[in-house]
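# A look at the structure
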Amino acid sequence: MLRILEANECIIAIKQDMHAAQSAITESIIRMADDRFRIARVPSVYPVGGEAQLIQMLTGREIPSGGLPWDSGAICQNVATAAAVARFLTTGEPLIRRIITVTGSGIREPANYLTRIGTPFRTLVQAAGGYAGPDHQLIMGGPMMGISVNNDQLPVTKATNCLYVVSPDETTSRAGVPEAEMPCIRCGDCATACPANLMPQLLLQTSRSNDFDKLRSLGLPDCIECGCCDYVCPSHIPLTKRFVAAKRTLWDISMEKRRAENAAKRFRARADRLQSNAEVRDQELAIQTKEITDSDHAQAELEALLRRTNSDISTHKDED
């Protein structure tokens, strides 16, 4: 991967509480004797594993707003990608399987499974001992950034890394009922917790007014959808859900604007093409007209010459 990316250094980030991983990676680096590799221990704090946060922590460089990691001079690859590349280069096996974590209070025997892509979620649940109770909720991903699914017949994809099974106790309040959403009290806790240094309360207010230009200027596209603002909000406002919907609308507006710009470019290109074709036709017509005119002039001169010649012949006969 270093050779493909033409990178000069590889920083392997490992959480501080993963002692076995640190030992294994350290031994591997010693065996390779390659100075380009080094280990960085990062705190086990969510969401330190996020791409933008990890790059900023390890390199001190921040990804520009609306940019990609490459714009900061770094590329972040997760361990599953590295393992898939290694399997492909050493055995020729494409990405047909990956490790899936099945966990949560709603599962009997949480574990990690090497799973083929396309395996139904129900098969994983059965391998983990089945559901702990009749009522449960399936989340594809972690508890903070996962996506709720209503069907355990859905298949594992290459983007699936965790199947989180939630019991009713985790989704309800102490009274046993979901917390009702209340008005924002402008406490600022969401801004304090936001790892992307955004202002969620302003984003919420602006999203309600559908001012998408202001949402873009406030940095909505930089939201990593980590759910920290939801977790700390005392009013139980589903901020992340609102931001995801606003980002989707913002994306649709951008795509529509891009399609309109492309359509305008195609229209201008067609108009220029038609004008160019008309100019070429006019030039060809002018050339043809000139040729015809020149031909008519030559024919007239030839006829005049013939007339003079005939006249001279007649004059000579008369003289004879």
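Residues numbered from 1 in each chain as written. Predicted model: local features only at pLDDT ≥ 70, side-chain atom pairs only at ≥ 80, totals over all residues. Heavy atoms only, no water.

## Some words on the overall build of the chain
Along the chain, the regular secondary structure elements total 11 helices and 7 strands. A compact globule built from 320 residues would reach a C-alpha radius of gyration of about 20 Å, whereas the chain, at 36 Å, exceeds it by more than 25%. If one aligns the C-alpha atoms of the chain with their principal axes, the spans along those axes are about 140 × 60 × 45 Å. Counting the 320 residues in the chain, one finds 24% classified as buried. Restricting to contacts in the chain with at least 6 residues of sequence separation, those with at least 24 account for 56%. If you sum the accessible surface of the chain, you get close to 21900 Å²; carbon and sulfur atoms cover 54% of it. Taken as two groups, the 36 positive and 39 negative side-chain charges of the chain have centres that lie 9 Å from each other. (Helix = DSSP H or I, 4+ residues; strand = E, 2+ residues; numbered from the N terminus. Rg over C-alpha atoms; globule rule 2.2 N^0.38 Å. Buried < 20%, exposed > 50% of the residue type's maximum accessible area, 1.4 Å probe, protein only. Contact = heavy atoms within 4.5 Å. Areas by Shrake-Rupley, 256 points an atom, 1.4 Å probe, with all protein chains shown as cover. Lys, Arg positive; Asp, Glu negative; His and termini not counted. Charge placed at Lys NZ, Arg CZ, Asp CG, Glu CD.)

## Digging into the side chain of S167
Inspection of the secondary structure puts S167 in the loop between strand 7 (162-166) and helix 6 (168-171). Take S167: its relative accessible area is 13%, and that puts it in the buried class. One polar contact links S167 to S105, side chain to side chain, over a distance of 2.7 Å. Not counting chain neighbours up to four residues away, the residues in contact with S167 comprise S105, G106 and D135. (Polar contact = N/O pair within 3.5 Å; in protein donor to acceptor, adjacent residues only side chain to side chain.)

## Points about the sheet that holds strand 4 (residues 111-116)
Here 5 strands make up an open sheet; going across it, the order is 4-3-7-5-6 and the pairing mixed. At either end of the open sheet lies a strand with only one pairing partner, and these are strand 4 and strand 6 (147-149). Geometrically, the sheet is characterised by an average inter-axis angle of 30° between neighbouring strands, direction not taken into account. Bridge analysis of strand 5 (residues 137-140) against strand 7 gives 4 bridges, and the strand direction is antiparallel. Of the residues in strand 7, the one forming a bridge with Q137 is V166. (Pairing = 2+ DSSP bridges. Axes fitted to C-alpha atoms, helices over the stretch in contact; angles between N-to-C directions.)

## Digging into the pairing of strand 5
As judged from the 3 bridges shared by strand 5 and strand 6, these two strands associate in the antiparallel manner. Pairing of M140 across the sheet is with I147, part of strand 6.

## Remarks on the state of the cysteines
Per the counting criterion, the structure on display carries 0 disulfides. Cysteine C162 shares no disulfide, and the gap to the nearest cysteine sulfur, in C228, comes to 17 Å. A relative accessible area of 11% means that C162 is categorised as buried. No disulfide involves C184; its nearest neighbouring cysteine sulfur is the one of C190, lying 6.4 Å away. (Disulfide = S-S within 2.5 Å.)

## Re a nonpolar patch on the surface
A surface patch of nonpolar side chains, amounting to about 540 Å² of accessible area, comprises I4, L5, L68, W70 and I75. By secondary structure assignment, the location of I75 is in the loop between helix 3 (51-59) and helix 4 (79-91). Residue class for I75 comes out partly exposed when judged on its relative accessible area of 37%. (Patch = residues over 30% accessible without salt bridge, like charges linked within 9 Å, V, L, I, M, F, W, Y side chains within 5 Å. Salt bridge = Lys/Arg side-chain N within 4 Å of Asp/Glu carboxyl O.)

## Observations concerning the pattern of salt bridges
Scanning the model with the defined rule gives 9 salt bridges in all. The partner of R87 in a salt bridge is E93, with the nearest N and O atoms 3.6 Å apart. Salt-bridge contacts for E256 lead to R259; the nearest nitrogen and oxygen are separated by 2.7 Å. Taken together, the residues span about one helical turn, with E256 and R259 both in helix 11 (residues 239-319) at a distance of 3 residues.

## Some remarks on unusual backbone geometry
Cis rather than trans, the peptide bond between Y46 and P47 has omega equal to 0°. Inspection of the secondary structure puts P47 in the loop between strand 2 (37-42) and helix 3. Even without a glycine there, the phi angle at R186 is positive, about 55°. Along the chain, R186 turns up in the loop between helix 6 and helix 7 (189-193).

## Thoughts on the nonpolar core
Within the largest apolar cluster, 16 residues are counted, with the highest numbers of intra-cluster contacts made by L203, L215, L220, L239 and F243. For this core, the secondary-structure elements that each account for two or more residues are helix 8 (200-208), helix 9 (212-217) and helix 11. The biggest single contributor to this core is helix 11, with 4 residues. (Core = buried A, V, L, I, M, F, W, Y, C linked by side-chain atoms within 4.5 Å.)

## Here's the deal with the pairing of strand 3 (residues 97-103)
Of the two faces of strand 3, only the one carrying R98, I100 and V102 is buried; R97, I99, T101 and T103 on the other face are not. One ladder, built from 6 bridges, connects strand 3 with strand 4; its direction is antiparallel. Paired with I99 across the bridge in strand 4 is L114. Taken together, the 3 bridges between strand 3 and strand 7 define a ladder with parallel strand orientation. Its bridge partner being in strand 7, T101 is matched across the sheet by C162.

## Quick word on the confidence of the model for the chain
With 90% of its residues at a pLDDT of at least 70, the chain reaches an overall mean of 86. At the level of individual helices and strands, the chain shows its lowest average pLDDT in helix 6, which scores 67, and its highest in strand 4, which scores 94. (pLDDT = per-residue confidence, 0-100.)

## Considering the side chain of S72
Relative to the assigned elements, S72 resides in the loop between helix 3 and helix 4. Every residue in contact with S72, bar those within four places of it in the chain, is listed here: I55, R61, E62 and I63.

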